[in-house]
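Spelled out, the chains give:
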Amino acid sequence: MSRTETAAPRSLYATAARQSVTKLSPRLLLRNPVLFVTAIVAAMTTLLALRDLVAGTGGGVTIQISLWLWITVLFANFAEALAEGRGKARADSLRTTGQETRVKRLASADAEHGSAESVSSTELRKGQFVLVDAGDLIPTDGEAVAGVASVNESAITGESAPVIREAGGDRSSVTGGTTIVSDWLVFKVTAEPGKSFLDKMIALVEGAERQKTPNEIALSILLTGLTLIFLFVVVTLQPFALYSGTSIPVVFLAALFVTLIPTTIGGLLSAIGIAGMDRLVKANVIAKSGRAVEAAGDVDVLLLDKTGTITFGNRMADGFLPTQGVSEKRLAQAAWLASQADDTPEGKSIVELATRVLGDDIPRIAIKEHVAFSAQTRLSGVDVEHGTTIRKGAVDAIVKHTGTEPNPILIGNIENIARSGGTPLLVSQDSQILGVIHLKDIIKPGVRERFAELRAMGVRTVMITGDNPLTAAAIAAEAGVDDFMAEATPEAKLERIRDEQAQGRLVAMCGDGSNDAPALAQADVGVAMNSGTPAAKEAGNLIDLDSDPTKLIEIVMVGKQLLISRGALTTFSIANDAAKYFAILPALFLGAYPGLATLNVMGLSSPESAILSAVIFNALVIVALIPLALRGVRYAPASASALLRNNLLIYGLGGLVVPFIGIKAIDLIVGALNLA
Amino acid sequence: MTPDLASVLLYLVVLVVLAVPLGHFMARLYRGERTLLTPVLAPVETAIYSIAGIRAEESQSWRAYAFAVLAFNAAGFVFLYAMLRLQGFLPWNPAGLAPMAPDLAFNTAVSFVTNTNWQAYSGEVQLSYFSQMVGLTVQNFVSAATGMAVAVAVIRGFACRGEGRLGNFWTDLTRSVLYVLLPLATIGALILVGQGVVQTLSSHVTATTMEGTEQVIAQGPAASQIAIKQLGTNGGGFFGVNSAHPFENPTVLSNMLQGLYILLIPVAFCFTFGRMVGDRRQGIAIFAAMATMFVAGLAVVAWSEAAGNPMISQIAGTAGPNLEGKEMRFGATLSALWGTATTAASNGSVNAMHDSFMPLSGLVFLVNMMIGEVIFGGVGAGLYGMLLYVVLAVFLAGLMVGRTPEYLGKKIEAKEVSLAVLAFLSMPLGILVFAALSVAVPQALAAVQDAGPHGLSEVLYAYGSTTGNNGSAFAGFGAADPFHTTLQGIAMLLGRYAIIVPMLGIAGALAVKVPAAPTAGSFPTHGPLFVVLLIVTVVILGGLTFFPALALGPLAEQVSLAAGTRF
């Protein structure tokens, strides 16, 4: 998918503004109790304003208050529409790739290609076979059953380099909306019409399938409860006021009620959720459910495959350790020669290192014959002039080949390498062992720092590897993971996840192979690689389109940011109430007890202005916080106590102080404009 | 240091010194471990179980536990109601008192079963010795023990490792009475008798005063009831004027002892909590939050009483502390200390008339009750009430650490939040809605003695006290009207069971969760930051709800007083 913003911001705002009005439909409002109540109160005050207007009893302030109550609802709708709009723009661009096309359907996996019948892509059903040639669009999700092809998946992943898809193995999954670049494939359809990955993705980014996440539900309950409590507060205020010898105009009670109930968080709650999913989509991760995103924030343990996540996929030459009487240069030259025909990444890395050591001194000897690696000899190398044989290989293989036992210094070096988690590779010339090449797993740069960040966030990392315990321990120590699982089998992995869960921990892992599927399904957060098998993608609850295992860390961050944004705005919203009391109560009670003017700490100019200013502030604060809700509260990995302290200071204390300033400022403007 | 300040400090220090070991003792007791008293009392305990057919080892689900609580209390109510209605036919009625009226008997029975001990009656003129000793004193023990048992069950819900069981109500009840309340009440009663508190079954004494008029001097078995009235945060006095009566609280030493007994078990429960959840810091954090609010309230009351009433000072031509409605043997400061403690602890006994305190002091008393009696609170009830705020505080702010909020390793999710909100609704419902009804219904309004904001304070106090299960009264309020006896009976039931049942539900929901070990990423619920958060939550959620009503009551009275306005 193209990563450019498809919709111009201006049209985005215009659409959102239009939708904020259509979202006034009671059916839609009912989903959000706080907003629904606000709308009812707004309707009620509007009736009162009309009555005043008809009766000719002024009511300028009443009209303004009811106007601002409607604006409060509209602002909240606008926030939600804006959050949805950003996803919609992306969904539209996706939809163009999912249009109906003609496809070639085969009767079976091995049917003659010529026998293909041309049908519409909408007619494809699960289990049918489709032939795709170079240039064809893959119409829906499937699993390759014959052929091998390079596929451009940029429509889904944004990555323009084509990837290989072939029948059998872990690269058999094909995704609807991608294009065959060369060769051909026959694939079996694995998705019913309208249920393909692309369809799911469109639904998700559009927010159509969005269901409230567990924390969001709990928060909604609390907000509804608070609304009910404030209803008690406001309704009982009239009898108390009457007892005290004053009567409060109903419109003022309505204003007090709306400013007290948590409209700020109530109005922004769904926008925060939608924006959170959108951030994941931007990171090229598709969440199958909102629950998984939220769970990502709760993760206690990350299971990470060593290969590809912590280390580069391959071992690399790290040093030449010559034996006694041999110079490093001579060893490097021999290693260089022995690796000339070795196309493996290890071989290339040896040549690279040797070239760096030798500089201009690379050997200029004619190579007579290349000896390729074979499973029997477990050696590779070259034969050069004068019948000299140069070989490299595993320790026992070279010992057997040369018939020479390594000397003690060499043995010491070999043991050191093995202990550090590396692989020793001996180099020999004829019957002499020249020395050892240190091959090691190279830890990806920056990985150590990321694990330190995770540790600070309270997330433990466990490295999963098929290596022996000694090697695993060495790499684990170097990468800075908290724990490791050596000689891990899929069963052991599953067992480990269950074990952690039994201790009350939430586990996240990523995987791509079919044998990862049970573990992916068992994990609380299972991230499947898009390049993986359909089984893995089915089992995971998140899919990483970039197939980048380190993405798990970003997913955790997005999950945490989502929760923090909600908590911060809730705290802010409730803390705001203190100032609103100080603005509105003295205004309401001035008639009963003039002495209560001492509560008017903001020095607001008149009761009407005080109430109007509080209502206006209450509406404007929603707009002011929309960017924060959409962007998410800034999150830098830190311990929970540091996060709590900082966020409480910003959103708790800030929430107490800001409205005092804001309401005072609005009061000055209201006064200057003579609105009340 | 002034003697007043010294005695307050001494009180606080002695309180904590006694509460810490008691808290640890209770933790061992409720975990079924061996305690100091086990050798003496274990045979009695076993005998009780075998007679009553209690299977002590059987741990109950939250539903079974809640059912046992409700059933036991319902039986207690029926028994007490019948006794009050039939006291004319029952023994130990030397004064020949008549049966209590139905609405008053309902109010009284609810009051004692819910550990409120609101007294719409006057003990010496309406209750026989039998009703006092067998009816009220028994409920003084078992209603307190009920609160303690519920608190223990709730703690188990937070502490357990996923077993899903909350313990056995009958065992917790028996142990609370046998090992905690009875021994401490016995010691207390003996000391009080030593200080001159009466304890007799003889009838009233008639004396001729110096003016030559006849005066009936009430007496009776007071000491035995007073020790438990303080210890179990009951507060229902033997005499109408409660611990201001010289037979009920004769000396400064008896005053000190009773004051200590008011807060002893509630404070100890903080430490019991810490022990039982396996992290003493958690208990200390809750204690710190409660203690901070207590001292802040006490400071306001002591200051405003010491400053005195400006209008009286003006008339008298000299400034002095506010001594109206206070016993001279206690003075302003010790009365302030008692008033703060008794309203904080949901005790409700008084040694001075709360109606006569300064408006700001009245405000503190009201706030103590309105926030749900969680500043130490009733025995057991204070702790589970505070845990309700903990759940809300953790949920509100807990999201800000980027995880699903959790407390003691257990996630606070939709179910817990729903139940917490449900429980939380009972205070505004019982106080605001019922008080609003009282001022809106003309018949009910007649009960209010004073005009102006003080009258509203009286109404708010009456419903704050009953919903909060406190039981103390602003003296001006005529509570004996059937409208109020009935509505307040409902308020007391609401304040007790509409919190107990949801809290047990929360405990049940948490009990099935396996706690996760704390990590750097989990919400830290000990230390100063959490203490501040908890206090702010109590003040904002509890306080903001009642702020408008308080503004029209004590706050309006305070500003009017300053302005010299009378009503």
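Just so it is clear, the model here is predicted, and its values are computed rather than measured.

Considerations on the UniProt feature "binding site: ATP" (unreviewed entry) in chain A
All names here are of chain A.
Step number 1: On the UniProt side, "binding site: ATP" (unreviewed entry) is annotated at positions that read Asp342, Glu346, Phe373, Ser374, Ala375, Gln376, Thr377, Arg378, Leu379, Ser380 and Lys392 here.
Step number 2: By the element assignment, Gln376 lies in the loop between β11 (367-371) and β12 (379-384).
Step number 3: Structurally, Lys392 is set in strand β13 (residues 389-393).
Step number 4: Discounting residues that sit within four places of it in the chain, Lys392 has contacts with Ala338, Ser339, Asp342, Ile350, Leu379, Ser380, Ile398, Leu425, Leu426, Val427 and Ile437.
Step number 5: Of the polar contacts made by the side chain of Lys392, one reaches the side chain of Asp342; its length is 2.7 Å.

Comments concerning the interface of chain B and chain A
Step number 1: Taken residue by residue, the interface counts 62 residues in chain B and 62 residues in chain A.
Step number 2: Considering only the surface of chain B that becomes buried against chain A, Leu399, Met400 and Leu552 of chain B emerge as the three largest contributors, covering 15% of it.
Step number 3: Linking chain B with chain A are one salt bridge.
Step number 4: Across the pair Asp300 of chain A and Arg403 of chain B runs a salt bridge whose closest N-O atoms are separated by 2.9 Å.

Details of the UniProt feature "binding site: Mg(2+)" (unreviewed entry) in chain A
Residue and element names in this part refer to chain A.
Step number 1: Under the UniProt annotation, the feature "binding site: Mg(2+)" (unreviewed entry) is placed at Asp512 and Asp516.
Step number 2: Note on placement: Asp512 falls in the loop between β18 (507-511) and α18 (517-522).
Step number 3: With a relative accessible area of 32%, Asp512 lands in the partly exposed category.
Step number 4: The residues touching Asp512, leaving out its near neighbours within four places in the chain, are Met529, Gly532, Thr533 and Ala536.
Step number 5: Note on Asp516: relative accessible area 7%, which makes it buried.
Step number 6: When sequence neighbours within four positions are dropped, the list of residues in contact with Asp516 reads Lys493 and Gly511.

What about the confidence of the model for chain B?
All names here are of chain B.
Step number 1: The predicted model of chain B averages 90 in pLDDT, with 100% of residues at 70 or higher.
Step number 2: Within chain B, the lowest mean pLDDT, 74, falls on helix α5 (residues 123-126), and the highest, 96, falls on helix α3 (residues 62-85).
Step number 3: Reported for the predicted complex are a pTM of 0.86 and an ipTM of 0.92.

A closer look at the domain arrangement of chain A
Reports often express the size of an interface as the amount of accessible area lost when the parts come together.
All names here are of chain A.
Step number 1: Each assigned domain of chain A is listed here: domain 1 (10-89 + 204-281 + 557-673), domain 2 (102-138 + 141-190), domain 3 (285-310 + 444-545) and domain 4 (314-442).
Step number 2: Between the C-alpha centres of domain 2 and domain 3 the distance comes to 30 Å.
Step number 3: Domain 2 puts twelve residues into the contact, and the matching count from domain 3 is nine residues.
Step number 4: In this assembly, domain 2 packs against domain 3 so that about 710 Å² is buried in total across both faces, 50% of it on carbon and sulfur atoms.
Step number 5: Taken together, the links from domain 2 to domain 3 amount to zero salt bridges.
Step number 6: Counting across the domain 2 and domain 3 interface gives zero residue pairs in polar contact (both at pLDDT 80 or more).
Step number 7: Going through the elements one at a time, β4 (142-152) and α5 (154-157) are the ones with two or more residues in the side of domain 2 that touches domain 3.
Step number 8: Classifying every residue of the side of domain 2 that touches domain 3 by side-chain character gives one nonpolar, six polar and five charged.

Remarks on the side chain of Gln87 of chain B
Step number 1: Counting through the fold element by element, Gln87 of chain B comes out in the loop between α3 and α4 (102-113).
Step number 2: Those residues in contact with Gln87 of chain B that lie beyond four places of it in its chain are Asn93, Leu97, Ala98, Pro99, Met100, Gln126, Leu127, Ser128 and Ser131 of chain B.

Side note on the confidence of the model for chain A
Step number 1: Chain-level statistics for chain A give a pLDDT mean of 86 and a share of 96% at 70 or above.
Step number 2: Here residues 1-8 of chain A scores under 50 on pLDDT; set against residues more than four positions off or in separate chains, the count is 18 contacts.

Here we look at the pairing of β18 of chain A
Residues and elements named next belong to chain A.
Step number 1: Among the five residues that make up β18, five are buried, leaving the element largely enclosed by the rest of the structure.
Step number 2: What you see with β18 is no split at all: Val507, Met509 and Gly511 on one side and Ala508 and Cys510 on the other are buried throughout.
Step number 3: Two elements, strand β9 (residues 301-305) and β18, share three bridges in a ladder whose sense is parallel. Within the sheet, the bridge partner assigned to Leu302 lies in β18 and is Ala508.
Step number 4: Sheet analysis places β18 next to strand β19 (residues 525-529), joined by four bridges and oriented parallel. Across the sheet, residue Cys510 finds its bridge partner in β19, namely Val527.
Step number 5: With α18 bridging β18 and its parallel neighbour β19, the resulting β-α-β unit is right-handed.

Side note on the sheet that holds strand β17 (residues 483-485) of chain A
Residues and elements named next belong to chain A.
Step number 1: Strand order in the open sheet formed by seven strands is β8-β20-β19-β18-β9-β16-β17, with mixed pairing between adjacent strands. Looking at which strands have only one partner, the edges of the open sheet turn out to be β8 (285-287) and β17. The sheet shows a mean angle of 20° between the axes of neighbouring strands, taken without regard to direction.
Step number 2: Running over the sheet, helix α16 (residues 469-479) touches β16 (460-464) and β17 and is turned about 150° from β17.

Re unusual backbone geometry
Step number 1: A positive phi angle, close to 40°, is found at Thr233 of chain B, a residue other than glycine.
Step number 2: You can see Thr233 of chain B is positioned in the loop between α8 (222-231) and α9 (252-276).

Brief notes about the environment of Ile202 of chain A
Step number 1: Along the polypeptide, Ile202 of chain A turns up in helix α6 (residues 197-206).
Step number 2: Excluding residues within four positions of it along the chain, Ile202 of chain A makes contact with Ala91, Leu94 and Arg95 of chain A.

Procedures and definitions
Residues numbered from 1 in each chain as written. Chains lettered and ligands numbered in written order. Predicted model: local features only at pLDDT ≥ 70, side-chain atom pairs only at ≥ 80, totals over all residues. Heavy atoms only, no water. UniProt positions renumbered as here; feature names shortened; annotations may be inferred. Helix = DSSP H or I, 4+ residues; strand = E, 2+ residues; numbered from the N terminus. Contact = heavy atoms within 4.5 Å. Polar contact = N/O pair within 3.5 Å; in protein donor to acceptor, adjacent residues only side chain to side chain. Buried area = accessible area lost by both parts, 1.4 Å probe. Salt bridge = Lys/Arg side-chain N within 4 Å of Asp/Glu carboxyl O. Buried < 20%, exposed > 50% of the residue type's maximum accessible area, 1.4 Å probe, protein only. pLDDT = per-residue confidence, 0-100. Domains from an automatic or database assignment. Nonpolar A, V, L, I, M, F, W, Y, C, P; charged D, E, K, R; others polar. Pairing = 2+ DSSP bridges. Right-handed = clockwise from strand over helix to strand, strands pointing away. Axes fitted to C-alpha atoms, helices over the stretch in contact; angles between N-to-C directions.

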